[in-house]
Structures are given as structure tokens and as C-alpha cells.
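# Close look at the chain arrangement
Spelled out from the first residue to the last, the chains are:
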Amino acid sequence: MNASLSNPFSSLKITQIVLCFSPEIDQRVSVRLRSSRFSDPGVLQLDLDPSPASSKKRTPQNLDHCFSSSISVFSERTNFKVTNLPINFAILAFHSLLITLILSNSIPLFSPGLATRTIMDRFTSSPRLMIVSDLDHTMVDHHDPDNLSILRFNALWEAKYRHDSLLVFSTGRSPTLYKQLRKEKPMLTPDITIMSVGTEITYGNNMVPDEGWVEVLNQKWDKQIVSEETSKFSELTMQPETEQRQHKASFFVKKEKAQEVMKTLSERLVNRGLDVKIIYSGGLDLDILPQGAGKGQALAYLHKKLKGEGKLPQNTLACGDSGNDAELFTIPDVYGVMVNNAQEELLQWHAENAKNNPKIIHANERCAGGIIEAIGHFKLGTNVSSRDVTDLSDAKLDHFDPVYEVVKVYLFFERWRRAEVENADVYLNNLKSVCSASGVFVHPTGVEQYLHDYIDKLKHCCGDKKGKQYRVWVDQVFSSQIDSDTWLVKFKKWEQTGEEQQGSLTSVVVSSKGVKPTDGLTWIHVHQTWIDGTTQNTHNDWFL
Ligand code: GLC
Ligand code: MG
């Protein structure tokens, strides 16, 4: 059968799809793609997994539940051409092929965000909003064991901003301590990470360093001289080795000594020919950086760079709580929020330098709650997080929104396991009604099952996390329309129970065929693989 499908991927021009079925070997289906990317004969073979638990024998008519897990290039002669395969099988096989290719990373067909070569690739024009947020006591509330405010922010960001906005974390932490924090707290993956008080800028998931920024910081900087001069102060205690960086020397100093030490040290370093910046934060930390460094300068540098590419964000919101965040609020055209729990030194800086600036507020809410508050205050976009909606089944949309669908389902899922869902049976039936009867779920362990069978199983985990610190959040949710009524949504799904975090890279195919926006989209395929480096010793505990 020949089926011509419109090709949604600009990088892959599919000119013809040929489906082949070998009656003798009922495990083999192949999809031949004639395309500009694959050299002829360009046959991609889908080798079907051993049958899913409840599958029937495969025939051309009931193949639509078959999804592949491996791929190989095959020669033409092994395939038999058959006619009369249903078109929906052609489409499903095509999706299956795409998912396999994408998950196996064998061909970067498209990867909006998760694997873009440079982080700005996914923007064709200016990002709508750029949030530049400090982490400790700003995005992350260390006094809230439930992590509620950051989780509220996460749901808001993923559902409403991720696709067209930029998330930047700007922390005093070194890469070592930053990575440690990510393992402890339910944090999203930022587009850009600024670490070590604006002295290290990295891009994307692979944290590719900005070499240009390193060059800028080398000016009038000599770490050896800084060490020599600081060693003469008995009031200064060195911070751990991990926090001493190429362009940052860090110490602890008591509040009452700070001002005096900073003044004298600054004079001595000037006398030695250096041009440095000394910053006091959190009533304890003292950082010495090159004059051109700091969180504010790093932001200014990014703005300039983005402007050069024609991608200057329409709005930027800076968020902080302590001394090293003050400079963020001095960058032109930036909105600023000092979270409610801001440190004395930041509030004092504000009182002395920016009291009448209407673009900077001191929020009523703590930490990420203050960020959400500021989005609303400055009218930067919607600031209603799905986490604040108690009955999500009431939150109907007037248009199809695959990303929102994903955020909602995983919120439901968390509530389900925490025993926070009322009318459990109604909920399960609803969930079933939005899953295709032939839809399959591929668990990260590789086990395949029908979505419907799987939902029946969910009964057993209802409330199993009651009273535990159990949370679910989705990260980097990107959706792409792959034909007129189908979307592929790709994201990281994370779970945390107490101290332990676990994550899977997830692909979901949803369809709007035959449903109204208010019914929600139909889930036709879910495929997960473990994210490297996350704990994987609780396979039995991972449901969706
Ligand atoms: C982080 C860093 C520390 C720095 C402090 C204030 O805690 O780990 O080195 O002094 O931020 O900037
Ligand atoms: Mg902070």
C-alpha cells in the first residue's frame, strides 16, 4: 500500500511511505520511507517486540496495536508488499517508527527543546518571557519540606510558558553544588544556567559553557593576588574547595565584620592592580569576583547576545532574595521581584537604591510563590498554576492543548497516589475514556501493555503514597503536531519520594480524532525510558 502523508518535519522530506507485511513471519512489519534523508533504498524495518501480554495474533487487520522497539535498515527483497492495509494502521506504524527513532536518538528528526543543538534554536523570534531566578530561598524554599511553591511554579511554567519562554537559573552555587541541589529538590531543567555568582554561563541540558564569557572575565583578574591578600584577614574563613572557582573566591565572614573587611580588602586589591567586585550575601557569604562578573553583568551579557540574534525577550523578570541578586534589578528594562523572605542586605540595597522604581516589588509570598505573584502583578501572562485548581476535571478548554493535557494527567496521578482524589471510580473511568482501546504503554523497563489494562492496574496504587512526601512533576514538555489531528508530546516525568528522585524520558501520542476539545485528547501511545543517573531500584513503584 502506498500512502502519502503530509510531512510535518522540515528536516525529513518523506515522499512516499510503503507498508510491508510478511505473512509468514508475523513479527515483521516494515515501513519504507522514501525520503531526502535516507539513502535509497531507504527501507526502515520495524521489528515488533514479542507480543504485548494481551495481544492477539498479529494479522494485517489487527496490527494497529503493534509497536516496535527496534529498528534496522533492511534490504528490499525480504519484504512482501501487501495491499488493503487500513490507513489508520499506516499512521500508527508511522508514529511508532517516529517514536522509536526519536527515543533511540538514532535520527534527530525533531527535538523541540530537549536536544536542540544550541538552546536558541527552538526560538524563531523573541521569547515571550525570560525568567532569571536565583535558586536558594528564591526558586527553592528550604523551609518547606512539601516544596509546594516550586511545584506550583513548575506546573505553571510547563503548561503555559515552556514552549515560547526562557527559563534561566542564576545561582551562587558552583556546578557541583548546583547539581546536588537538583537531586534534592523538584527542579525544572532551565534553558540557561548561570552559576558561581554570574561567573559561569552554560546552555541547555548538556550545560555547554559560554567561552566568550570566560574571556570577558579574564580582564584585570588574578586569582593568586586575591588569595595572597585575603589570607591576611583573620576574619575570613575559606568556603569549601568546590566553591572556589576560576573567577570566584569565596569566604564566610560574620555580619558585624563584613562592611569593614570589604572596604579594606577592596582598597588593597585596587592597590595591587585588580578591578574586583566584592559581594556579601545571606548575612554570611563573601564573594570576590572580577569587576565585569556578577549575576547582573551575566544577565546583561545574555541580553546583548540574544539581541544580536534578534531574540531579545519581550519581558524579563529577575527574582532574588539576597545580596548577590541586587545587580539583577539594575539591568535596564528588567522587572524584579524580591521574594517575601528576602534578606536584610537586599531590602536595604533596595531602600537605598531603587525605592521608587515601580518595576521592582517586594512580594507578599515566599520563594517561588513570590515569582508567581510577580508574573501577575506585572501582567506578564497568566499566573494560574494547575496545581491551584482543585478539581482538574472541571478545567475544560475550548481548544486542544496537548501540553496542558500532560500536565493535568500527571497532577491527577500524584493526587491519586497521595489519596487526594475523590470519586476514584469516576476518575478511573474518565481516564479510560480518554485512552484508545488499542493504545499501548511501554514501561521504562520495556514491558508493553494496553493502556486500558494498565489503567485497571492503577486501582492498586490508589492512595499508596498517602502521608508520604511523594511528588510528581513534568519537565521540558514540548509538543509537536505530527499531522492534522495528532500530536507527539515529549517530556521528562519526575517522581520524588522523600529523598529519592526518579525520572523517565516520556513520549506520548495524542489524537483529536472524533473528540471535542472539552472531552480532551485521546492518548494512543505512551513510551518511557529511564533517565540516566536517576535511581532505578524501585521499578515496581513506577506506574506511568
Ligand atoms: C552559594 C555559593 C557560595 C556563595 C553564595 C553567595 O551559596 O555556594 O559560594 O558565596 O552562594 O553568593
Ligand atoms: Mg538566594
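Residues numbered from 1 in each chain as written. Chains lettered and ligands numbered in written order. Predicted model: local features only at pLDDT ≥ 70, side-chain atom pairs only at ≥ 80, totals over all residues. Heavy atoms only, no water.

### A word on the sheet that holds strand β23 (residues 522-530)
Adjacent strands of a sheet form backbone hydrogen bonds with each other and so pair up, either parallel or antiparallel. The sheet built from six strands is open, its strands ordered β19-β18-β23-β22-β21-β20 with mixed pairing. The open sheet has two edge strands, β19 (448-450) and β20 (470-483), and neither has a second partner. Each adjacent strand pair in this sheet contributes to an overall mean axis angle of 15 degrees, direction not counted. (Pairing = 2+ DSSP bridges. Helix = DSSP H or I, 4+ residues; strand = E, 2+ residues; numbered from the N terminus. Axes fitted to C-alpha atoms, helices over the stretch in contact; angles between N-to-C directions.)

### Some remarks on the site of ligand 1
In the neighbourhood of ligand 1, the contacting residues comprise G172, R173, L177, V197, Q239, E243, K248, S250, S281, D285, D287 and N324. At a separation of 2.5 Å, an oxygen atom of ligand 1 approaches a polar side-chain atom of Q239. Here an oxygen atom of ligand 1 and a side-chain polar atom of E243 are 2.6 Å apart. In the complex, 87% of the free accessible area of ligand 1, which totals 310 Å², lies under the protein chains. Here the residues of the shell around ligand 1 sort into two nonpolar, five polar and five charged. (Near = heavy atom within 4 Å. Polar contact = N/O pair within 3.5 Å; in protein donor to acceptor, adjacent residues only side chain to side chain. Areas by Shrake-Rupley, 256 points an atom, 1.4 Å probe, with all protein chains shown as cover. Nonpolar A, V, L, I, M, F, W, Y, C, P; charged D, E, K, R; others polar.)

### A few points about the coordination of the magnesium ion (ligand 2)
Ideal donor angles around a metal are set by the shape: a four-donor tetrahedron calls for 109.5 degrees, a six-donor octahedron for 90 or 180 degrees. Each protein donor to the magnesium ion (ligand 2) is listed here as D134 (OD), D136 (O) and D321 (OD); together their distances run 2.1 to 2.3 Å. By relative accessible area, which is 17% here, D136 ends up buried. (Donors = N, O, S within 2.8 Å, 3.2 Å for Na, K, Ca; no water. Buried < 20%, exposed > 50% of the residue type's maximum accessible area, 1.4 Å probe, protein only.)

### What to know about the pattern of salt bridges
Applying the stated rule across the entire model yields 29 salt bridges. The salt bridge partner of R272 is E228, with a shortest N-O separation of 3.0 Å. Here the residue R272 occupies a position in the loop between α6 (255-271) and β13 (276-281), and E228 occupies one in helix α5 (residues 223-230), the gap between them amounting to 44 residues. Residue R272 is classed as partly exposed on the basis of its relative accessible area, which comes to 35%. Each of R417, D464, K465, K493, E495 and D541 takes part in one network of salt bridges that share partners. (Salt bridge = Lys/Arg side-chain N within 4 Å of Asp/Glu carboxyl O.)

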